[in-house]
Amino acid sequence: ADALPPLFQTDIMGRSRYKFLDNQPHFLTCTIVNWLPIFTNPNRVNIILDSLDFLQSQQRLHLHGYVIMENHLHLIASGDNLSKEIGCFKSYTARSIIDGLMENHNHTLLKQFKEHKQPYRINQEHQLWQEGSHPQAISSAAMFNQKLDYIHNNPVRRGYVDDPIHWRYSSCRNYLGQRGVLTVKLLEA
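Criteria and thresholds
- Per chain, residue numbering runs from 1 following the sequence as it is written.
- Local features are withheld for residues below a pLDDT of 70 in this predicted model, meaning they are given only at 70 or higher, and side-chain atom pairs are given and counted only at 80 or more; totals for whole chains, interfaces and linings count all residues.
- To get the side-chain values, all heavy atoms of the structure are used, and hydrogens and water are removed first.
- Each aromatic pair joins two rings of Phe, Tyr and Trp (for Trp, the six-membered one) with centres within 6.5 Å, and gets the label stacked for planes under 30 degrees apart, edge-to-face for over 60, and tilted for any other angle.
- The helix count covers DSSP runs of H or I at least four residues long, the strand count covers runs of E at least two residues long, and both are numbered beginning at the N terminus.
- Here's how the labels work: a residue is buried when its accessible area is under 20% of the maximum for its type, exposed when over 50%, partly exposed in between, all with a 1.4 Å probe on protein chains only.
- In this scheme, a helix's expected span is set at 1.5 Å multiplied by one less than its residue total.
- Note on bend: the value at a residue is the angle between axes fitted to the seven residues ending there and to the seven starting there.
- We call two residues in contact whenever any of their non-hydrogen atoms come within 4.5 Å of each other.
- Geometry is summarised by axes, namely lines fitted to C-alpha atoms with helices restricted to the contacting stretch, and by angles between N-to-C directions that run from 0 to 180 degrees.
- Note on terminology: angles under 35 degrees are roughly parallel, angles over 145 are roughly antiparallel, angles of 65 to 115 are roughly perpendicular, and the others are oblique.
- Two helices cross in a left-handed way if the nearer one is turned anticlockwise from the farther one by less than a right angle. They cross in a right-handed way if the turn is clockwise.
- Two strands qualify as a pair provided DSSP detects at least 2 bridges between them.
- Under the scheme applied here, ten amino acids are nonpolar (Ala, Val, Leu, Ile, Met, Phe, Trp, Tyr, Cys and Pro), four are charged (Asp, Glu, Lys and Arg), and all others, including Gly, are polar.

Quick look at the packing of aromatic side chains
Here's step 1: A full pass over the atoms with the stated rule returns 4 aromatic pairs.
Here's step 2: For the ring pair Phe39 and Trp129, a centre distance of 6.1 Å and an interplane angle of 40 degrees mean the geometry is tilted. Residue Phe39 is located in the loop between β1 (26–31) and α1 (42–57), and its partner Trp129 is located in the loop between α3 (107–115) and β4 (136–137); the two are separated by 90 residues in the primary sequence. Taken as a pair, Phe39 and Trp129 share a single burial class, namely buried.

Have a look at this one:
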């Protein structure tokens with residue numbers, strides 16, 4: 001068995017892989033409804049980056065790895081109340097992106113976000129994010145490395161770049177000792 005750094009040591013037996021564990025790193029996926037490619041616009045990506053940077057600066061979460069693709073993002077993050085913070089992140093970014101679409105009169109995307117709104121969501125007109133973030137508690141150094149490799153190679157698998165270091169919106173550069181778009185709390189497993 002892998003020797004686990006203290007951050008990975010926790011009792012996760014008997015728990016669903018879709019529940020958050022306090023202070024445990026989790027692999028998370030946040031997906032835009034109907035896989036709409038909204039992150040092809042740098043202004044929308046900046047909303048995501050600014051929000052993650054804010055949450056880190058306020059010590060509301062620790063970001064250990066990330067990639068932002070055209071219609072989803074993957075994170076490895078930890079925190080005292082990660083479930084709440086991811087909910088706040090998704091709520092804030094959705095509101096900001098929808099407001100921007102309204103200001104720019106982007107009726108095509110707004111119509112799609114309206115059509116994909118869940119019927120029980122009565123306090124909003126649009127829905128940007130799919131429900132949930134499918135948290136998977138990272139229970140070993142090997143699992144951490146596998147998830148980080150998956151994140152960093154996502155743009156390569158999609159054919160967007162030949163080398164993961166060339167994808168701007170990723171923590172790959174951070175782990176290679178270079179400056180990334182966001183600061184991450186490196187975990188060496």
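So much for the structure itself; the text now carries on.
Quick notes on helix α4 (residues 141–157)
Here's step 1: The end-to-end C-alpha distance of α4 is 23 Å, a good match for the 24 Å that 17 residues give at a rise of 1.5 Å each.
Here's step 2: In the structure, α4 departs most strongly from a straight axis at Ile151, where the bend amounts to approximately 30 degrees and where the proline Pro155 lies between one and four residues downstream.
Here's step 3: Here α4 has its buried residues at Ala141, Phe144, Lys147, Leu148, Ile151, His152, Asn154 and Pro155.
Here's step 4: Those residues of α4 that are buried lie in contact with β1, β2 (62–68), β3 (72–78), β4 and α5 (172–175).
Here's step 5: Gly159 sits one or two residues past α4 and shows a positive phi near 85 degrees.

Side note on unusual backbone geometry
Here's step 1: Positive phi values are uncommon outside glycine, yet Asn34 reaches one of about 55 degrees.
Here's step 2: Residue classification places Asn34 among the partly exposed positions, given a relative accessible area of 46%.
Here's step 3: The residue Trp35 is not glycine, and still its phi comes out positive at about 55 degrees.

Things to note about the packing of helix α2 (residues 82–103) against α3
Here's step 1: Two elements in contact, α2 and α3, have axes separated by 8 Å at closest approach and are oriented at 135 degrees. Between α2 and α3, the angle falls in the class oblique. Read as a crossing pair, α2 and α3 show a hand that is left-handed. The residues of α3 that touch α2, namely those facing Ile98, Leu101 and Met102, are Leu109, Leu110 and Phe113.

Things to note about the pairing of β2
Here's step 1: Of all 7 residues making up β2, 6 are buried, and the element is well covered by its neighbours.
Here's step 2: Bridge count for β2 against β3 is 6 bridges, and the pairing is antiparallel. If you follow His62 over to β3, its bridge partner there is Ser78.
Here's step 3: In this structure, the hairpin formed by β2 and β3 is closed by a connection of 3 residues.

Section: the packing of α1 against α2
Here's step 1: Closest axis-to-axis distance for the α1/α2 pair is 10 Å, and the angle between their directions is 150 degrees. As judged from the angle between their axes, α1 and α2 are roughly antiparallel. Between α1 and α2 the crossing geometry is right-handed. Counted together, Arg44, Ile47, Ile48, Ser51, Leu52 and Leu55 of α1 and Glu85, Phe89, Tyr92, Thr93, Ser96, Ile97 and Leu101 of α2 form the full contact between these two elements.
Here's step 2: Considering only residue class, the contact of α1 with α2 consists of 8 nonpolar, 3 polar and 2 charged.

Observations concerning the environment of Arg168
Here's step 1: Secondary-structure assignment places Arg168 in the loop between α4 and α5.
Here's step 2: The class of Arg168 is partly exposed, set by a relative accessible area of 48%.
Here's step 3: Here the alpha-carbon distance between Arg168 and Ile68, two residues 100 residues apart in the chain, equals 8.9 Å.
Here's step 4: Residue contacts for Arg168: discarding those within four places in its chain leaves Arg173 and Val181.

A short note on the pairing of β3
Here's step 1: Counting buried residues in β3 gives 7 out of 7 residues, a clear majority hidden from the surface.
Here's step 2: Residues His72, His74, Ile76 and Ser78 line one face of β3 and the alternating positions Leu73, Leu75 and Ala77 line the opposite face, and both faces are buried.
Here's step 3: The sheet contact formed by β1 and β3 spans 6 bridges and is antiparallel. Bridge pairing in β3 links Cys30 to Leu73.

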